[in-house]
Every structure is written in structure tokens, then in C-alpha cells.
Amino acid sequence: MTMAEIDSTAIVSANALLASDVVVGPYAVIGPNVTIGSGCVVGPFTRIEGPAAIGERNQFYGHASIGGPPQDLKYNGEHTELAIGNDNIFREVVTINRGTMGGGGKTTIGNENFFMAYSHVAHDCHIGSHTIFANNATLAGHVDVGDHSTIGAFSAVHQFCRVGDHAFIGGFTVVTQDALPYVKTVGDRPAKTYGINAIGLQRKGFEQDTLDALDRAYRILIRSKLKLQDALQKIESELGLYPEARYLVEFIRGTSKRGFIR
């Protein structure tokens, strides 16, 4: 049976469970109750604390801090967790915190996400798959981020907000309400929407008729003078054949008490 490749300067708890092909770099620290799956690479000076369950083929670059306790004054050492899927990249000095009892006790990250240097995911956040967090992108606690979304550099998302699937949040944006799926959201307080992210969606393989439907839905929602519920009903009646339009409506109807950015 092969053993994990652990640098002589690294510290790995006897209560951590590493797959046989995990690579642990110089001066890394892996605490108890950490499980790391096959193909993962833990870079130099990285710290991983448990309880944390980490899937396969994840890459942690130098000085990342993964699974640390939540930065919440109400936290008092309770058992909370972090769960990470497969094929994620965590660049230098990325920080990911475990959950809190008040938020369900768990922070979760899906598959194939790219966290650039200094990005931060706070306690009780739930990240989908195929997202991009640019440098210094920051989430407060209890934020949900949908699949294929992009959080721009130096942007911040307020606690309890949601970011929809395929949302694009531009650099230096302050998100204090839910960010709509498929839409470009940019700006300081207040952030504003600037239409659907047509180029980005096209690059992801969206057909032109779907882009046209989303653009029509956006115009009904944001630029018409209809009341919100009337606008949603109009989108459903005119564009209900498109699952993307239906998801947009469902997202808005399920929006947080903070509302959504228009």
C-alpha cells in the first residue's frame, strides 16, 4: 500500500485521513478530523482544520487557510463542518470557514470552482459548481452562490444574500441584495444591473433564442413599468417554454428579505 507524500516539515494529525496519493507540501498543517480524497495537493504553509471532508483532485496553493472556525462572535466551539467537492482550485491565501450552529452548522463547496488569491468564503455559505472567485472576492456569512457564477475582484457580498446561477458580478461591486441569475451586476452602493451577460452566456454554449428570451425577460422585469408580480406573470406567460426564464422567476419569488438588485 502506498503512502501519502508528506514533506518532512509538514504536520499531519494522526486523526486525519489522507488518500494514498495526496501530496502535502513544506510546513503545511493538517488538523484532526480532516478527510482528504485522492489526487489532492496541499501546498506549502497551507492550514486545513477540521471537521472537514474534502473530495478528490483539489489543489490548495500556498498559505491557504481552509476549514478554520467561523469569524462569528456567537461561535463558542460547537461542532461545525466544512464539505468540499472535487476538482476545485484554491489559490494563495484563500480562506474558507466552517459553519455555525445558527446557520445549519456547515459550509459547502461544490465541484470545479476556481478561487483566486485572497478570496474568502465565510461561515454557512453554500457554493455551487463551476464558479469563479476573482482576487479578493469576499462573501459574508450565510451567502448562497449558484452554479457558473462569477464574483469579480475586490467585490463583497452581504450576509444572507443569494447569487443566482450564471450571475456576473463585476469588480469592486458591493452586493447588498440578491444578485439576479444570468445578469451583469456592477457598482458600489447601490449596485445596478446592466442587462444579461450575453457574451459570457454565449461562450458557455447558450443558444441565441435562449439569449433573446432572457433579454426579453430582463426588459420586462427591469425596464417595463409593470409591478413586480405582473412582470413575473408576463414572463411566465410569454417565455415559460424556456427553463432559464422559469428559473429567473423562481429565483425572484424565492428571494431573501433583502430583495434583489434591479
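Everything numeric in this text was worked out from a predicted model, so none of it was measured. (Residues numbered from 1 in each chain as written. Predicted model: local features only at pLDDT ≥ 70, side-chain atom pairs only at ≥ 80, totals over all residues. Heavy atoms only, no water.)

**Observations regarding the packing of helix α2 (residues 208–223) against helix α3 (residues 228–239)**
Here is step 1: Look at α2 against α3: their axes get within 9 Å of each other, and the N-to-C directions meet at 160°. As the angle between them shows, α2 and α3 are arranged roughly antiparallel. Of the two possible hands of crossing, α2 and α3 adopt the one that is right-handed. Contact residues: α2 offers Ala-213, Arg-216, Ala-217, Ile-220 and Leu-221, while α3 offers Leu-228, Ala-231, Leu-232, Lys-234, Ile-235, Glu-238 and Leu-239.
Here is step 2: Per-class residue counts for the contact of α2 with α3 are 9 nonpolar, no polar and 3 charged. (Axes fitted to C-alpha atoms, helices over the stretch in contact; angles between N-to-C directions. Helix = DSSP H or I, 4+ residues; strand = E, 2+ residues; numbered from the N terminus. Parallel < 35°, antiparallel > 145°, perpendicular 65-115°, else oblique. Left-handed = near helix turned anticlockwise from the far one by under 90°. Contact = heavy atoms within 4.5 Å. Nonpolar A, V, L, I, M, F, W, Y, C, P; charged D, E, K, R; others polar.)

**Regarding empty space enclosed by the protein**
Here is step 1: Tallying each qualifying case throughout the model produces 1 cavity of 30 Å³ or more.
Here is step 2: Looking at the largest cavity, the residues that line it are Leu-180, Pro-181, Tyr-182, Val-183, Ile-196, Leu-214, Tyr-218 and Leu-248.
Here is step 3: Grouping the amino acids of the lining of the largest cavity by side-chain chemistry returns 8 nonpolar, no polar and no charged. (1 Å grid on protein atoms, 1.4 Å probe; cavity = no way out; pocket = protein on both sides within 12 Å on 5 of 7 lines; lining within 4 Å. Points joined across faces, edges and corners; volume = space filled by probe spheres on them.)

**Points about the pattern of salt bridges**
Here is step 1: Enumeration according to the criterion identifies 11 salt bridges in this entry.
Here is step 2: The closest approach of N and O atoms between Glu-92 and Arg-91, which form a salt bridge, is 3.0 Å.
Here is step 3: The exposure class of Glu-92 is partly exposed, given its relative accessible area of 28%.
Here is step 4: Since its relative accessible area comes to 27%, Arg-91 is described here as partly exposed.
Here is step 5: In this structure, Arg-219 and Asp-215 form a salt bridge, with 2.9 Å as the shortest nitrogen-oxygen distance. On the criterion of helical spacing, the pair formed by Arg-219 and Asp-215 is a turn pair, its members being 4 residues apart in helix α2.
Here is step 6: Arg-219 gets classed as partly exposed once you look at its relative accessible area, which sits at 39%.
Here is step 7: In the salt-bridge network here, residues are joined through shared partners; they are Glu-56, Arg-57 and Asp-87. (Salt bridge = Lys/Arg side-chain N within 4 Å of Asp/Glu carboxyl O. Buried < 20%, exposed > 50% of the residue type's maximum accessible area, 1.4 Å probe, protein only.)

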